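A structural walkthrough
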2 protein chains.
Amino acid sequence: MIKDYIQTNEARMLEELFSLIRIPSISSEHEHKADMLKCAERWRELLLAAGADKAEVMPSEGNPMVYAEKIVNPEAQTVLVYGHYDVMPVEPIELWKSDPFEPEVRDGHIFARGADDDKGQSFIQAKAFEYLVKNNLLTHNVKFILEGEEEIGSPSLEAFCKTHSELLKADIILVSDTSMLSADLPSLTTGLRGLSYWQVEVTGPNRDLHSGHFGGAVMNPINALCKMIAQITDESGKITVPGFYDKVEDLSPEERAMIAQIPFDEEKYKQSIGITDVFGETGYSTIERNSCRPAFDCCGIWGGYTGEGAKTVIPSKAYAKISTRLVPHQNSEEIGALVAAHLQCIAPKGVTVKVDYLHGGEGYVCPISHPAYRAAEKGFEQAFGKRPLPVRRGGSIPIIATFEQVLGVKTILMGFGLESNAIHSPNENFPLHMLRKGIEAVVGFHLAL
Amino acid sequence: MIKDYIQTNEARMLEELFSLIRIPSISSEHEHKADMLKCAERWRELLLAAGADKAEVMPSEGNPMVYAEKIVNPEAQTVLVYGHYDVMPVEPIELWKSDPFEPEVRDGHIFARGADDDKGQSFIQAKAFEYLVKNNLLTHNVKFILEGEEEIGSPSLEAFCKTHSELLKADIILVSDTSMLSADLPSLTTGLRGLSYWQVEVTGPNRDLHSGHFGGAVMNPINALCKMIAQITDESGKITVPGFYDKVEDLSPEERAMIAQIPFDEEKYKQSIGITDVFGETGYSTIERNSCRPAFDCCGIWGGYTGEGAKTVIPSKAYAKISTRLVPHQNSEEIGALVAAHLQCIAPKGVTVKVDYLHGGEGYVCPISHPAYRAAEKGFEQAFGKRPLPVRRGGSIPIIATFEQVLGVKTILMGFGLESNAIHSPNENFPLHMLRKGIEAVVGFHLAL
């Protein structure tokens, strides 16, 4: 029984997971370049030990890929497990209660960067695979592909898939990188939002100016940047960029009715993130707003004097990182160009604006009638004792849409995250009981397939 | 002759000035606390050597004061020279062509933080004084007061003046901390703007959130902050805070006519700071906008992810440092409260806003009929061969208004700065020929008084 297997092997399993977490594989920071290879190598070792016939670290245009496979029967169907070994930066570091790269178990949760996203969740896939191999229960083939650039938009994966389409050939893709509604509301993700992400640089005067001598007579680049960002959304929460909603798929009354049935306590939601009011597009519920409708967020802003006390300066430059979440049918590159052009259009006189498109990806929808979706439902039912709800989520895994385009294969999103896991935030964590149930559910999926 | 004196002594004088500049007396940064005392001590030594009867470093509520005096005749009138020995931070350090605290002479300019503001300019006063003492030309008394907190709003000077009003008793105050229109357009500053300065903190969720999972459903604190800052000014460059203009003194037609006669080349102005268009309040000229009308500037902004690449985050907090320049009759504390209340009023739902008033000060106007103003005119005429133009400037030296309130004395602003001196900016500098002419002009002032 899988439960017994987990109990017997848990100490070793945790040490294996911790060995992955301890490598600070932050893909967005150049100084961690060597850690990327180190983490890929460690995954290769672990997948071999788990029972793969072969496992390799393969070069890509960017960080290396980890590929592994267990071919039990060339005639049988093949499941391709996708995950990523890179993690988000840890800032603001001062808010972490323990070292982000030294996992600590407190109150039954593993605290560390990557404990959930996506080292913890990918590890669930590896351990379910290990159980099936060690007990000779695998009747189909399993392949693994782990990349090291998911958090920076998977810039190399599409080309890698195209080059290695034969190697990656599969009937279904399985991914653990999403969340459930809550610990007692198991759910399967049937849709994801797309993403476009830009960096904006506003330049005013050719040097920082004394705000007393020049204030009132020149356009201040921070003032200008704020005016531009402020205009991107209106008071009803709508994005004002012309053409932005042209391809947005309207939610059908049926879908809205299904969404309305998802148990959701808005007061609890507000409490859990410490806000007094929700805010979003007029006419939509919170769940619709954060999963089925587009959104605009400024993810970072900086310029001028940010130290202690006061400095009276009109800075030469101001910067922002801005992003939109997109819904199915919106094209990330089209939106990328649309927003960049609009920013130039609304730039105040007296400043110049440079917009760099950093990355993007498309949304995704998976039909709930797919046999692999049904197998995933069974796995969840066995582990959680409940049939999981199909839900669309607000996050983006652009590569899921790319897999469909390049490999022609649908993806099943068996995610075991919880909102309280604080991914991308300080004190990211993963509950041990979700690690156990996750392994049970994935074993159930494979057995039901 | 003063010209000969300067020539003979220039090498020593420069070494003295450099010894002041080499002490990084940045008042806004706590780690420079010890440098403040060091710089004050160095000034004390130099003023004694220049000919003061006595010179002392005196405690204040904040950084120490330097006081010195030469009493030639208790019955004669007294000139109180005010200056400051603290300097601005040096960020962005990477734009400096030489170490900001190791003065370097290039093309006849001294490059260093404080070369102009205000170590260089205060030094002019000290060297003019030295010449007069060494040559027995002083027929009135001279006192010096140098503070170490001007760049952070002189928080201790008012209390110090109140406590030491007898010591500081004077008939006129003389300050070199302002600029001339240009090297060949000598001018005397007859008015200054006031200032109010705040730090704004916007808090949204209690932790950084994943922008995919939450984007569209919660108010993003950066979006909120941008909307608030954007609203403070309208499209015609007017400040929208209710009541803001209530006490603004309208410019008289006579004053506007006088301002219109100041030679000003807008194309050159734009070129010198590298902008394509000026921007400001509709209906006013550039000179009016930057000296006689209020202004709103965001001097710094920060929040969210500001590192390399992309992080998809809704930050918990966003911050800005904002300031307004005020004109005579506006009260800095009243405006302080007005803007703070308005920010609360326009804060979007779903975020909380904290506004800290960092500091402020009042504007100032000096009548051009004052005998000491006439003496300053003569000093300038002798040094520059031209009668200086009376002009109002956009900067703030709040203590000038305080001197008038507390000590009951008018101030003459004999400033020798140039726009190209880049005060508060990287590569601050001071031309050697202005140092020489400045000393000549101040000597002329004393002899004409």
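Not measured: the values here are computed from a predicted model.

Here's the deal with the interface of chain A and chain B
Contacts between the two partners involve 87 residues from chain A, matched on the other side by 87 residues from chain B. In total, about 7,500 Å² of surface goes out of reach between chain A and chain B, with carbon and sulfur atoms giving 54% of it. On the chain A side of the interface with chain B, the three residues burying the most area are H213(A), I273(A) and K311(A), jointly 8% of the side's total. Our enumeration of links across chain A and chain B arrives at 45 residue pairs in polar contact (both at pLDDT 80 or more). Ranked by residue count, the leading element in the side of chain A that touches chain B is strand β11 (residues 295-304) of chain A, at ten residues. In this sheet, strand β11 (residues 295-304) of chain B lies alongside β11(A) in antiparallel orientation, the contact comprising five bridges. From the neighbouring strand, G300(A) faces β11(B), where its bridge partner is G304(B).

A few points about the UniProt feature "domain: Peptidase M20 dimerisation" (unreviewed entry) in chain A
Following the UniProt record, one finds the feature "domain: Peptidase M20 dimerisation" (unreviewed entry) at residues 191-349 of chain A. Taken end to end, residues 191-349 of chain A has its terminal C-alpha atoms 42 Å apart, with 32% of it in helix and 23% in strand.

So, the relation of the copies chain A and chain B
With an axial shift of 0.0 Å and an RMSD of 0.0 Å, the rotation relating chain A to chain B amounts to 180°. Expressed as a symmetry operation, the mapping of one chain copy onto the other fits a two-fold axis. Looking at the interface residues of chain A, 100% of them are also at the interface in chain B, so both copies use one shared face.

Observations concerning the pattern of salt bridges
Applying the stated criterion across every chain, the model contains 54 salt bridges over all chains. The salt bridge involving R387(A) is made with E377(A); its shortest N-O contact spans 3.2 Å. Pair noted here: R387(A) is in the loop between α11 (371-384) and β16 (389-392) and E377(A) is in helix α11, with a separation of ten residues, a long-range link. A relative accessible area of 52% means that R387(A) is categorised as exposed. For E41(B), the salt bridge is made with R44(B), and the minimal N-O distance between the two is 3.2 Å.

Here's the deal with the packing of helix α1 (residues 2-21) of chain B against helix α13 (residues 432-448) of chain B
Residues and elements named next belong to chain B. Two numbers describe how α1 lies on α13: the axes approach to 11 Å, and their chain directions differ by 130°. Here α1 lies oblique to α13, going by the angle between them. For the pair α1 and α13, the sense of crossing is right-handed. Residue-level inspection shows I2, K3, I6, E10, M13 and L14 of α1 in contact with α13, the latter providing L432, L435, R436, I439, E440 and V443.

Digging into the state of the cysteines
Residue and element names in this part refer to chain B. On inspection of all chains with the given rule, the structure shows zero disulfides over all chains. Not engaged in a disulfide, the cysteine C39 finds its nearest cysteine sulfur in C161; these two sulfurs lie 19 Å apart. Here C292 stays unpaired: no disulfide links it, and the sulfur of C366, its closest cysteine neighbor, is 15 Å away. Note on C292: relative accessible area 1%, which makes it buried.

As for the domain arrangement of chain A
All names here are of chain A. Assigned domains of chain A: these are domain 1 (2-192 + 363-448) and domain 2 (194-248 + 294-361). Look at where the C-alpha atoms of domain 1 and domain 2 centre, and you get two points 35 Å apart. Each partner contributes residues to the interface: domain 1 has eleven residues there, and domain 2 has seven residues. Taken together, the two surfaces of domain 1 and domain 2 that pack against each other cover about 650 Å², and 55% of this comes from carbon and sulfur. Ranking the residues of domain 1 by area buried against domain 2 places G363, S396 and P398 at the top, with a combined share of 52%. The interface formed by domain 1 and domain 2 contains two residue pairs in polar contact (both at pLDDT 80 or more). Its residues assigned to classes, the side of domain 1 that touches domain 2 shows five nonpolar, five polar and one charged.

So, the sheet that holds strand β4 (residues 104-106) of chain A
Pairing between sheet strands relies on hydrogen bonds along the backbone, with the strands arranged either parallel or antiparallel. Residues and elements named next belong to chain A. Across the sheet, three strands lie side by side as β4-β5-β18; this open sheet has antiparallel pairing. The two strands at the open ends of the sheet, each matched to only one other strand, are β4 and β18 (429-431). If you compare each strand with its neighbour and ignore which way they point, the axes differ by 25° on average. With three bridges connecting them, strand β5 (residues 109-111) and β18 associate as antiparallel partners. Paired with I110 across the strands is F430, a residue of β18.

Cut-off values and rules
Residue indices begin from 1 for each chain and proceed along its sequence in written order. Chain letters start at A and ligand numbers start at 1, both assigned in the order the entries are written. Whole-chain, interface and lining totals are the exception, using all residues; otherwise, since this is a predicted model, local features are given only for residues with pLDDT of at least 70 and side-chain atom pairs are given and counted only at 80 or more. Neither water nor hydrogens contribute to the side-chain values; these are computed over all heavy atoms in the structure. Contact criterion: two residues are considered in contact whenever any of their non-hydrogen atoms come within 4.5 Å of each other. Note: buried area is the sum, over both parts, of the accessible area (probe 1.4 Å) each one loses when the two are combined. Under this definition, polar contacts are N or O atom pairs within 3.5 Å; protein pairs additionally need one hydrogen-donor-capable and one acceptor-capable atom, and for neighbouring residues in sequence, both atoms have to be side-chain atoms. Here a strand is any run of E in DSSP of at least two residues, a helix any run of H or I of at least four, and the numbering for each starts at the N terminus. A pair of strands is treated as paired once DSSP finds two or more bridges between them. UniProt positions are given in the numbering used here, feature names are shortened, and annotations may be inferred rather than shown by experiment. The least-squares superposition of copies is restricted to C-alpha atoms, and to residues with a pLDDT of at least 70 in both copies. Just to be clear on terms, a salt bridge is a Lys or Arg side-chain nitrogen sitting within 4 Å of an Asp or Glu carboxyl oxygen. Relative accessibility thresholds used throughout: buried, under 20% of the residue-type maximum; exposed, over 50%; partly exposed, between the two (1.4 Å probe, protein chains only). For helices, the fitted axis covers only the stretch in contact; all axes are lines through C-alpha atoms, and the angles between them, taken along N-to-C directions, range from 0 to 180 degrees. The labels follow the angle: roughly parallel below 35 degrees, roughly antiparallel above 145, roughly perpendicular from 65 to 115, and oblique for the rest. Crossings are sorted by hand: turned counterclockwise from the far helix by less than a right angle, the near helix makes the crossing left-handed, and turned clockwise it makes it right-handed. In plain terms, two cysteine sulfur atoms within 2.5 Å form what is called a disulfide here. Residue ranges for the domains trace back to a domain assignment, done automatically or taken from a database. The residue classification treats Ala, Val, Leu, Ile, Met, Phe, Trp, Tyr, Cys and Pro as nonpolar and Asp, Glu, Lys and Arg as charged. All others, Gly included, are polar.

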